[in-house]
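Chains, contacts and geometry: an overview
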Amino acid sequence: MFDRSRRTRRAGYDIEGIGEGVYRINEYNVANCYLIIGSEKALLIDTGAGVNDLRSVIAPLAGGKPVEAALTTALPWHSGGRAQFDKIYLSEKEKPYLESSTLRARKSYLLSLKFFFKLKVIGFRNCRWVRGAEPEAVFVSEGDVIDLGGKTVRVYESKGLTRGALSYLAVENRLLFVGDTYNPCTYLGIKRAAKTEELKTTLQRILRGNTYDAIFATHFVAPVPRDKVQDAVDCIERIVRHTNGLPFPHVSSYRGYTVVNWGHKRRVRRHRPKKSESDDFTGE
């Protein structure tokens, strides 16, 4: 499906073509960002932790077209590079995370990757932490469409790591970008995190979708095979069955997928999709 020869490296960023006018940009093993180029403008899905000058890396790819950014969530490793762009799209529910996505939070995340997950990431001495004025924030929700000129990106609400998380469907390229909604190590202990059954419902919607040929996430696996998404659903079902309501972390692992669930009650109300949500990511 993908021409793996379309790979290059620029300023330490690994760049790979994954579709016509679509690129995966790996930020020093910190996060994956995705660039979709239309005839009028380009859209960057997530801005990484902002450890370096990402804008200068993607500018040649965009061919001089203006570049806007869309956040799957406003957590620091998705929104850290937002100051490099004039406009960002995100859910209004993500505003608290945006406000707490400080330089200190970004540095703390980098340390956690290095010492907890043992990943080979960029060292502090090589970082150019980009800071600047906050960009214009445009709030989007389920069903909204971002027109890039010849290409459209459809927005889906996809409660995952956070309740305001979004997924973006590159309609013409048939590619779905889910951010941290799929993450092989999902930690549901942060403030305003989604409940386990909400995450399960979102993953099941992803599995039922038929308007995309590949699923791309922020961390580790890209693209994500559908059977891995099913493994995530199975893992969450295990944790829902065994959570006892005590205020201690419960860890469930299944076929390489791990969920850390902190103090969620066993008596979880079954999540019912809002009327604005379709049963799957159909593009309508």
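Residues numbered from 1 in each chain as written. Predicted model: local features only at pLDDT ≥ 70, side-chain atom pairs only at ≥ 80, totals over all residues. Heavy atoms only, no water.

Per an unreviewed UniProt entry, the chain is named Metallo-beta-lactamase domain-containing protein, and its organism is Candidatus Stercoripulliclostridium pullicola.

What follows is about the nonpolar core. Residues Ile 25, Val 30, Leu 35 and Leu 44 are the most contacted members of the largest nonpolar core, which totals 57 residues. Other than its neighbours up to four places away in sequence, Leu 44 contacts Ile 25, Cys 33, Tyr 34, Leu 35, Leu 54, Ile 58, Val 67, Glu 68, Ala 69, Ala 70 and Phe 85. One finds Leu 43, Ile 45, Tyr 89 and Leu 148 within the second-largest nonpolar core, a separate group that totals 20 residues. (Core = buried A, V, L, I, M, F, W, Y, C linked by side-chain atoms within 4.5 Å. Buried < 20%, exposed > 50% of the residue type's maximum accessible area, 1.4 Å probe, protein only. Contact = heavy atoms within 4.5 Å.)

Turning to the packing of aromatic side chains, a few remarks are in order. One pair of aromatic rings is described through two measures. These are the centre distance and the angle between the planes. One pass over the full model with this rule turns up four aromatic pairs. Consider the rings of Tyr 34 and Phe 177, whose centres lie 4.8 Å apart with planes at 40°: the pair is tilted. With Tyr 34 in strand E4 (residues 31-37) and Phe 177 in strand E12 (residues 175-179), this pair connects stretches of sequence that are 143 residues apart. One aromatic cluster is present, built from ring pairs that chain together Tyr 34, Phe 177 and Phe 216. (Phe/Tyr/Trp six-rings, centres within 6.5 Å; stacked < 30°, edge-to-face > 60°. Helix = DSSP H or I, 4+ residues; strand = E, 2+ residues; numbered from the N terminus.)

Backbone geometry places Tyr 28, a non-glycine residue, at a positive phi of 55°. Looking at where Tyr 28 falls in the secondary structure, it is placed in the loop between strand E3 (22-27) and E4. Assessed through its relative accessible area of 14%, Tyr 28 is described here as buried. Unlike most non-glycine residues, Asp 46 shows phi in positive territory, near 70°. Mapping Asp 46 onto the fold places it in the loop between strand E5 (42-45) and helix H1 (54-62). With relative accessibility at 2%, the residue Asp 46 sits in the buried group.

Before going further, it helps to spend a moment on the sheet that holds strand E8 (residues 136-139). On the basis of which strands lie adjacent, the open sheet formed by eight strands has the order E1-E2-E3-E4-E5-E6-E7-E8 and mixed pairing. Looking along the sheet, the strands with just one partner apiece sit at the ends: strand E1 (7-10) and E8. Pairs of neighbouring strands in the sheet enclose a mean axial angle of 25°, with direction left out of account. The pairing of strand E7 (residues 87-90) with E8 spans four bridges and is classified as parallel. Note that in E8 the partner of Tyr 89 across the bridge is Val 138. Along the sheet face, H1 touches E1, strand E2 (13-19), E3, E4, E5 and strand E6 (67-70) and points at about 30° away from the line of E4. (Pairing = 2+ DSSP bridges. Axes fitted to C-alpha atoms, helices over the stretch in contact; angles between N-to-C directions.)

Turning our attention to the side chain of Thr 72. Secondary-structure assignment places Thr 72 in the loop between E6 and helix H2 (76-79). Here Asp 46 takes part through its side chain, which lies 2.8 Å from a polar atom of the side chain of Thr 72. Looking at Thr 72, its side chain comes within polar contact range of the side chain of His 78, at 3.2 Å. Aside from chain neighbours lying at most four places away, what touches Thr 72 is Ile 45, Asp 46, His 78, Gly 164, Ala 165, Leu 166, Tyr 168, Phe 177, Val 178 and Gly 179. (Polar contact = N/O pair within 3.5 Å; in protein donor to acceptor, adjacent residues only side chain to side chain.)

The next thing to look at is the pairing of strand E10 (residues 152-157). In terms of burial, E10 is largely enclosed, as five of its six residues are buried. Pairing between strand E9 (residues 145-147) and E10: three bridges, direction antiparallel. Bridge pairing links Ile 146 to Val 153 in E10. The turn joining E9 and E10, which pair antiparallel and follow one another in sequence, is formed by four residues; a positive phi near 90° is taken by Gly 149.

As a further point, take the environment of Ala 133. Among the structural elements, Ala 133 can be located in the loop between helix H4 (103-115) and E8. Exposure remark for Ala 133: the relative accessible area of 62% places this residue in the exposed category. Between the C-alpha atom of Ala 133 and that of Asp 86, which follows or precedes it by 47 residues, the distance is 9.0 Å.

Strand order across the open sheet formed by five strands is E9-E10-E11-E12-E14, with mixed pairing between neighbours. In this open sheet, the two strands that pair with only one neighbour each are E9 and strand E14 (214-217). Within this sheet the neighbouring strands show an average axis-to-axis angle of 25°, counted without direction.

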